[in-house]
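Fold and geometry: a report
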Amino acid sequence: MSQTICQRILLKLSGEALMSETGGSIDPDIVQRLAQEVKDLCDAGIQVGLVIGGGNILRGAEKASEGLNRVTSDQMGMLATVINALAMQDALEYLGQPVRVMTALKINQVCEDYIRRRAVRHLEKGRVAIFAAGTGNPFFTTDTAASLRAIEIDAQLMIKATKVKGVYSADPNKVADAVFYPRLTYDEAIDQRLNVMDTTALVLCRDNNLPMRVMNIFEPGAVMRLMRGEDIGSLIVRN
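Residues numbered from 1 in each chain as written. Predicted model: local features only at pLDDT ≥ 70, side-chain atom pairs only at ≥ 80, totals over all residues. Heavy atoms only, no water.

Heads up, the rule is: UniProt positions are given in the numbering used here, feature names are shortened, and annotations may be inferred rather than shown by experiment.
The name given to the protein chain in an unreviewed UniProt entry is Uridylate kinase, with the source organism recorded as Methylomonas rapida. For the record of the protein chain, the UniProt heading Subcellular location (unreviewed entry) holds the text "Cytoplasm". According to the UniProt record, the Sequence similarities (unreviewed entry) comment for the protein chain is "Belongs to the UMP kinase family."

1. Observations regarding helix H3 (residues 70-94)
Cut-off, in case you're wondering: Elements are defined by DSSP. Helices are runs of H or I of four residues or more, strands are runs of E of two residues or more, and each kind is numbered from the N terminus. Take the residue count of a helix, subtract one, and multiply by 1.5 Å to get its expected span. Whenever a nitrogen or oxygen atom comes within 3.5 Å of another N or O atom, the pair is scored as a polar contact, on the condition that within protein one atom can donate a hydrogen and the other can accept it, and that pairs from neighbouring residues in sequence are kept only if both atoms are in side chains.
With 25 residues, H3 extends 37 Å from end C-alpha to end C-alpha; this agrees with the ideal 36 Å at 1.5 Å per step. Capping the start of H3, Asn69 holds a side-chain oxygen 2.9 Å from the backbone nitrogen of Val71, two or three residues further along. Positive backbone phi, at 85°, marks Gly96, one or two positions downstream of H3.

2. Description of the UniProt feature "domain: Aspartate/glutamate/uridylate kinase" (unreviewed entry) in the protein chain
Mapped onto this structure's residue numbering, the UniProt feature "domain: Aspartate/glutamate/uridylate kinase" (unreviewed entry) falls at residues 8-216. Each end of residues 8-216 is marked by a C-alpha atom, and these two atoms are 20 Å apart; helix forms 39% of the span and strand 20%.

3. A few points about the packing of helix H1 (residues 28-43) against H3
Geometrically, a packed helix pair is captured by the angle between its two axes and the distance between the axes. The criterion, for reference: Where helices are involved, their axes are fitted lines through C-alpha atoms of the stretch in contact, as for all axes, and angles between N-to-C directions lie from 0 to 180°. Here a crossing is taken to be left-handed if its near helix is turned anticlockwise relative to the far helix by less than a right angle, and right-handed if that turn runs clockwise. When checking whether two residues touch, look at their non-hydrogen atoms; a contact exists if any pair is within 4.5 Å. Three categories are distinguished: nonpolar for Ala, Val, Leu, Ile, Met, Phe, Trp, Tyr, Cys and Pro, charged for Asp, Glu, Lys and Arg, and polar for the others, with Gly belonging to the last.
At a closest axis distance of 9 Å, the pairing of H1 and H3 adopts a crossing angle of 60°. Our pair here, H1 against H3, has a crossing hand that is right-handed. Contacts between H1 and H3 pair Val31, Gln32, Leu34, Ala35, Val38 and Lys39 from the former with Ala87, Met88, Ala91, Leu92 and Tyr94 from the latter. Its residues assigned to classes, the contact of H1 with H3 comprises nine nonpolar, one polar and one charged.

4. Remarks on the sheet that holds strand E6 (residues 157-162)
So the rule is basically this: Each pair of strands is called paired provided DSSP finds at least two bridges between the two strands.
Taken together, nine strands build an open sheet; the order of strands is E4-E3-E5-E2-E1-E6-E10-E11-E9 and the sheet is mixed. Two strands bound the open sheet, and with one partner strand each, they are strand E4 (112-113) and strand E9 (183-185). Where strand E1 (residues 8-13) meets E6, four bridges bridge the pair, whose relative direction is parallel. Bridge pairing links Lys12 to Lys160 in E6.

5. A look at the environment of Phe139
Going by this rule: When a residue's accessible area, from a 1.4 Å probe over protein chains only, is under 20% of the maximum for its type it is buried; when over 50% it is exposed; and in between it is partly exposed.
Its place among the elements puts Phe139 in the loop between strand E5 (128-132) and helix H5 (142-152). In this structure Phe139 comes out as exposed when scored by relative accessible area, which is 53%. For the pair formed by Phe139 and Arg228, sequence separation is 89 residues and the distance between their alpha carbons is 37 Å. Apart from the residues within four sequence positions on either side, Phe139 is in contact with Arg70, Val71 and Asp74.

6. So, the pairing of strand E10 (residues 212-216)
Judged by how many residues are buried, E10 sits mostly within the fold: five of five residues are covered. Burial along E10 is two-sided: Met212, Val214 and Asn216 and Arg213 and Met215, pointing in opposite directions, are all buried. Two strands pair when backbone bridges link them, and E6 and E10 are joined in this way by five bridges, in the parallel orientation. The partner of Ala161 across the bridge, within E10, is Met215.

7. Some points on the nonpolar core
Filter applied, for reference: Within this scheme, the nonpolar core is defined by two criteria: the residues are buried Ala, Val, Leu, Ile, Met, Phe, Trp, Tyr or Cys, and they are joined through side-chain atoms within 4.5 Å.
Membership of the largest hydrophobic core comes to 41 residues, with the highest contact counts inside it found for Ile9, Leu13, Met88, Ile130, Ile159 and Met227. At the level of elements, E1, H1, strand E2 (47-52), H3, strand E3 (99-103), E5, E6 and helix H8 (222-227) are the ones that each hand at least two residues to this core. Here the element with the most residues in this core is H1; it accounts for seven residues. Here Ile159 is in contact with Ile9, Leu10, Leu11, Lys12, Arg213, Met215, Val223, Leu226 and Met227, once residues within four sequence places are set aside. Ranked by size, the runner-up nonpolar core spans 29 residues in total, among them Met158, Val167, Leu202 and Cys205.

8. Things to note about the UniProt feature "binding site: ATP" (unreviewed entry) in the protein chain
Taken from the UniProt record, the annotation "binding site: ATP" (unreviewed entry) applies to Lys12, Leu13, Ser14, Gly15, Gly55, Arg59, Thr162, Tyr168 and Asp171. In terms of the greatest pairwise C-alpha distance, the residues named above, spread along 160 residues, do not form a single cluster, extending to 23.9 Å across. Judged by its relative accessible area of 1%, Gly15 is buried. Setting aside residues up to four positions removed in sequence, Gly15 forms contacts with Ile52, Gly53, Gly54, Gly55, Asn56 and Asn84. Tracing the sequence through the fold places Asp171 in the loop between strand E7 (167-168) and strand E8 (180-181). Its relative accessible area of 32% is what places Asp171 among the partly exposed residues.

Written out as structure tokens, the structure is:
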């Protein structure tokens, strides 16, 4: 087994990463491919915490803008993340990878309550820990939940999985001359409003000195290459 740069990571996936090209909310083939990437990390001895957004099913902020109460819409969004977490759990179990879904909401018939010490124990035993339902509170994004969980479980690195190479000055799919940032600080990301994550999530990472790597999850094997020392995507650090 080759040496890896981290023993424990938090991987943040957007809900949109699970969508099919035809618009279906969850594409089984994509979920299975992502599950295989996660299993490969576990097979290499890396402990993996996972947070998946719910935007492929429902975005609370968007529903609130349409007239739904913001607290209610955010709670609906939290349940969407539980659905995605269960889909990923099923895919990982199909591959023979032990996994637990832990949720900030009490849904005991479906998954475990989030308890930090239990989550760490799952990781130590080689299980993937999927953290669902955000922080359990409205007005907080799953990006913020990912930052919080990463800090709580003492992750050495948070990986923000996207559809592009890393952090750019603008959307590279819309702006041809967008500048790519291979390395930057959290203050630079905040001051320049680069839309890496929401400000709360960035501040949490900055104040707790948690490095973040932003990279393209759709490049096969990229996460494993990163773990083996290859410089992939954009690195965000405190200083």
